[in-house]
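A closer look at the structure
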Amino acid sequence: MVLSAAIWDSINVVTIASLLGWLYFACWSLSFYPQVFENRHRESVVGVSFDLLVYNFTGYTCYMLYNILLRYSPAVKELYAEAHPESCPDPDNCIPPVHDADLAFSIHAFILTTFTIYQCLIYEQGDQEVSAVCKGLSAHVILSIFTVTTAAVVRIVDWLWLVNYLGYVKIFISLIKYIPQVYLNYSRKSTHGFAIGMVLLDFMGGVFSVLQMILLAVHFDDVTQITGNLPKLLLGLVSVVFDIIFIIQHYVLYQTSVMEHVGGMIVSDYDTDYMQVHPFLPDVAEREAGKPLEI
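Because the structure is predicted, anything quoted here is derived from the model rather than measured.

1. Details of a nonpolar patch on the surface
A cluster of nonpolar side chains, namely Leu200, Ile244, Ile248, Tyr251, Val252 and Leu253, defines an oily patch on the protein surface of about 540 Å² accessible area. With 5 residues, helix α11 (residues 230–253) is the single largest residue contributor to the nonpolar patch. Its location among the elements puts Leu253 in helix α11. What makes Leu253 exposed here is its relative accessible area of 53%.

Quick look at the structure:
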């Protein structure tokens, strides 16, 4: 059988979209590790916003449940087919726009965020703590999810309504979660302790994620490839915007040019946070006064 050009074109587009999906999964998944390694190397979490971690934990928990329920729950898939007949002409075989990479990323993100929070419990914290605003918002979010879940159980709303609400929570958290880290960098006039490798990988992941959705929407002339998964879309767009801000903070506004040779090692981004974890290093004032290093 000879496949037509249109079929080959469709196969190629789907293949490219799948590749973009796994590329964004790889970038976003790998983006968690630079911060984990940075914390382990310094034995400190000074410079990492605790608010960001709390928001990430809440957001990725919601996003993981959103993907699992939308992908595997028969009841939710049936309700989705009824709500989106244009993208699900056959309700019995409806596949919501949740790809393997989406599911894998959300589970991986939840696990790595949980591990990073564990690091905050065992490593040097400085004077950092979760803010009252973050505690209040998180408590309201958890209460609202419990309320909507209860409403779904007693059939005041349907299960798709609950799943969509989890997605809206993720969207809300994505819009605000980076603000504490931006402010922390600004207040310290430094990005030391906040792994820039995480930001660069996160930026690439956001670009690949949005490109995948646009490619599928244009090829199939189906806008629900975008609107049917708003949490994924806004997660990608918001990540790109804030990553650009972090890149400007790190490479332009708070660039550190000091490079010290200490005991045969090059120490960059030298500041007081590093001194707190490694008190054997010479004091900054002594270094600037020209005193010899005593190792």
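The rest of the description comes next.
2. Description of the layout of surface pockets
What the largest pocket holds in volume is close to 450 Å³. At the level of elements, α1 (5–30), α5 (100–122), α9 (196–220) and α10 (224–227) are the ones that each hand at least two residues to the lining of the largest pocket. The leading source of residues in the lining of the largest pocket is α1, at 5 residues. Within the lining of the largest pocket, the residues separate by chemical class into 11 nonpolar, 7 polar and 3 charged.

3. Describing the nonpolar core
Counting residues in each nonpolar core, the largest one holds 31 residues, and the members touching the most others are Phe32, Tyr66, Leu70, Tyr80, Phe105, Ile145 and Val169. At the level of elements, α1, α2 (32–42), α3 (50–72), α4 (74–83), α5, α6 (132–153) and α7 (159–176) are the ones that each hand at least two residues to this core. Residues within four places of Phe32 in sequence aside, it is in contact with Tyr60, Phe105, His108, Ala109, Leu112 and Thr113. In terms of nonpolar packing, the next biggest core, distinct from the first, is built from 11 residues, Phe194, Met198, Val238 and Phe242 among them.

4. Here we look at α3
When the terminal C-alpha atoms of α3 are compared, their 33 Å separation across 23 residues agrees well with the 33 Å that a helix rising 1.5 Å per residue should span. Sitting at the amino-terminal end of α3 is Ser49, which places a side-chain oxygen 3.3 Å from the backbone nitrogen of Asp51.

5. Remarks on α6
Relative to the 32 Å expected for 22 residues at 1.5 Å per residue, α6 spans 32 Å between its end C-alpha atoms, a close match to the ideal helical length. The set of residues buried in α6 consists of Cys134, Ser138, Val141, Ser144, Ile145, Val148, Ala151 and Ala152. End-on view of α6: buried residues confined to an arc of 150°, all on one side of the axis. Structural note: α6 exposes Ala132, Lys135, His140, Ile142, Leu143, Phe146 and Val153 on the side pointing more than 90 degrees away from its buried face. Residues of α6 that are buried sit in contact with α3 and α7. Positioned one or two residues after α6, Arg155 has a phi angle of 65°, which is positive.

Thresholds, definitions, all that
- Residues numbered from 1 in each chain as written.
- Predicted model: local features only at pLDDT ≥ 70, side-chain atom pairs only at ≥ 80, totals over all residues.
- Heavy atoms only, no water.
- Patch = residues over 30% accessible without salt bridge, like charges linked within 9 Å, V, L, I, M, F, W, Y side chains within 5 Å.
- Areas by Shrake-Rupley, 256 points an atom, 1.4 Å probe, with all protein chains shown as cover.
- Salt bridge = Lys/Arg side-chain N within 4 Å of Asp/Glu carboxyl O.
- Helix = DSSP H or I, 4+ residues; strand = E, 2+ residues; numbered from the N terminus.
- Buried < 20%, exposed > 50% of the residue type's maximum accessible area, 1.4 Å probe, protein only.
- 1 Å grid on protein atoms, 1.4 Å probe; cavity = no way out; pocket = protein on both sides within 12 Å on 5 of 7 lines; lining within 4 Å.
- Points joined across faces, edges and corners; volume = space filled by probe spheres on them.
- Nonpolar A, V, L, I, M, F, W, Y, C, P; charged D, E, K, R; others polar.
- Core = buried A, V, L, I, M, F, W, Y, C linked by side-chain atoms within 4.5 Å.
- Contact = heavy atoms within 4.5 Å.
- Expected span 1.5 Å × (residues − 1).
- Polar contact = N/O pair within 3.5 Å; in protein donor to acceptor, adjacent residues only side chain to side chain.
- Arc of directions from axis to C-beta.

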